[in-house]
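Descriptive analysis of the structure
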Amino acid sequence: MPELQLLRLDHAPAVLAFEREKPGLLRGVRSGSRRRLLRPLRRPASQLLAEQAAGRHYFDVPVDSGSEIVGRVNLVDVTDGSTELGYRIAERAAGRGLATRAFRQICARAASEYGLTARRAATTLDNPGSRPVLSRTGFVPTDEIQPKGRPGIRYLKDLT
């Protein structure tokens, strides 16, 4: 099972290779819009790491035994102890419990290491894989949303 690791500079080539995969081959949940979630990732690695060190965002990556990045779990826009969750898992790694395991690990890390108290997430109704993962890991639906005109659900998880 891949190990969840906090983003480091030496991950950059593998993260770039992961991000260049066809978007249709990836599964994930969005917090806010996809553009807002990806915005931090479009900066140079040194800037991302500086923002991570400052506690503005946290970027974790599941790394398999061959040092290949098979996903990412982002905590972005940290404010007042709360953050938004976003993730993507490579289709080739889906269906093996990776997202559920990563969510559980990142929730524990968010509370114990990052000092966060709540996480938000959102997904569209046409993303059937993400809703069960959110429910299994303690996220509670809070309201219906319409990201880009598509019906969806917003979730919240209390980390205290």
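Keep in mind the model is a prediction, meaning the values are calculated, not measured.

Within the protein chain one finds five helices and eight strands. Order of helices (α) and strands (β) in the protein chain, N terminus to C terminus: β-α-β-α-α-β-β-β-α-β-α-β-β. The 160 residues of the protein chain split such that 48% are buried. The contacts of the protein chain with a sequence gap of at least 6 include a subset with a gap of at least 24, amounting to 62%.

With that settled, consider the pairing of strand 8 (residues 152-158). Of the strand pairs in this sheet, strand 6 (residues 118-124) and strand 8 are connected by seven bridges, and their pairing is antiparallel. When the sheet's bridge partners are listed, Thr124 is paired in strand 8 with Gly152. Sheet analysis places strand 7 (residues 140-145) next to strand 8, joined by five bridges and oriented antiparallel. Among the inter-strand pairings, Glu144 is bridged to a residue of strand 8, identified as Ile153.

By the element assignment, Gln5 lies in strand 1 (residues 3-6). Look at Gln5 and you get buried, because its relative accessible area is 14%. Separated by 55 residues in sequence, Gln5 and Asp60 place their C-alpha atoms 5.3 Å apart. For Gln5, the contacting residues outside a window of four places in its chain are His11, Phe59, Asp60, Val61, Val63 and Arg109. Looking at Gln5, its side chain comes within polar contact range of the side chain of His11, at 2.8 Å.

Chain-level statistics for the protein chain give a pLDDT mean of 84 and a share of 86% at 70 or above. Ranking the helices and strands of the protein chain by mean pLDDT puts strand 7 first, with 95, and helix 2 (residues 34-38) last, with 44. Long-range and interchain partners of residues 30-38, a stretch whose pLDDT sits below 50, account for 28 contacts in this model, where long-range means more than four residues apart.

Evaluated as defined, the whole model comprises three aromatic pairs. Aromatic side chains Tyr58 and Tyr114 sit 3.6 Å apart centroid to centroid with 5° between the ring planes, which places their arrangement in the stacked category. Taken together, the residues Tyr58 in strand 3 (residues 58-63) and Tyr114 in the loop between helix 4 (98-112) and strand 6 connect sequence positions 56 residues apart. Using a relative accessible area of 11% as the deciding quantity, one classes Tyr58 as buried. Taken together, the ring pairs connect Tyr87, Phe103 and Phe139 into an aromatic cluster.

Moving on, we come to the environment of Ala45. Along the chain, Ala45 falls in helix 3 (residues 45-53). Measuring from C-alpha to C-alpha, the distance between Ala45 and Leu9 comes to 6.6 Å, with 36 residues separating the pair along the chain. Apart from residues no more than four positions distant in its own chain, Ala45 is found in contact with Leu9 and Ala12.

Turning our eyes to something else, we now look at the pairing of strand 5 (residues 82-90). Every other side chain in a regular strand lies on the same face of the sheet, so the side chains alternate between the two faces. Taken across its nine residues, strand 5 has nine buried, putting it largely inside the fold. The alternating pattern of strand 5 places Ser82, Glu84, Gly86, Arg88 and Ala90 and Thr83, Leu85, Tyr87 and Ile89 on opposite faces, both of which are buried. What sits between the antiparallel neighbours strand 4 (residues 71-79) and strand 5 is a turn of two residues, in which Asp80 has the positive phi angle 50°. As judged from the three bridges shared by strand 5 and strand 6, these two strands associate in the parallel manner. Opposite Thr83, over in strand 6, you have Arg119 as the bridge partner. Traced from strand 5 through helix 4 to strand 6, the parallel crossover comes out right-handed.

How each quantity is defined
- Residues numbered from 1 in each chain as written.
- Predicted model: local features only at pLDDT ≥ 70, side-chain atom pairs only at ≥ 80, totals over all residues.
- Heavy atoms only, no water.
- Helix = DSSP H or I, 4+ residues; strand = E, 2+ residues; numbered from the N terminus.
- Buried < 20%, exposed > 50% of the residue type's maximum accessible area, 1.4 Å probe, protein only.
- Contact = heavy atoms within 4.5 Å.
- Pairing = 2+ DSSP bridges.
- Polar contact = N/O pair within 3.5 Å; in protein donor to acceptor, adjacent residues only side chain to side chain.
- pLDDT = per-residue confidence, 0-100.
- Phe/Tyr/Trp six-rings, centres within 6.5 Å; stacked < 30°, edge-to-face > 60°.
- Right-handed = clockwise from strand over helix to strand, strands pointing away.

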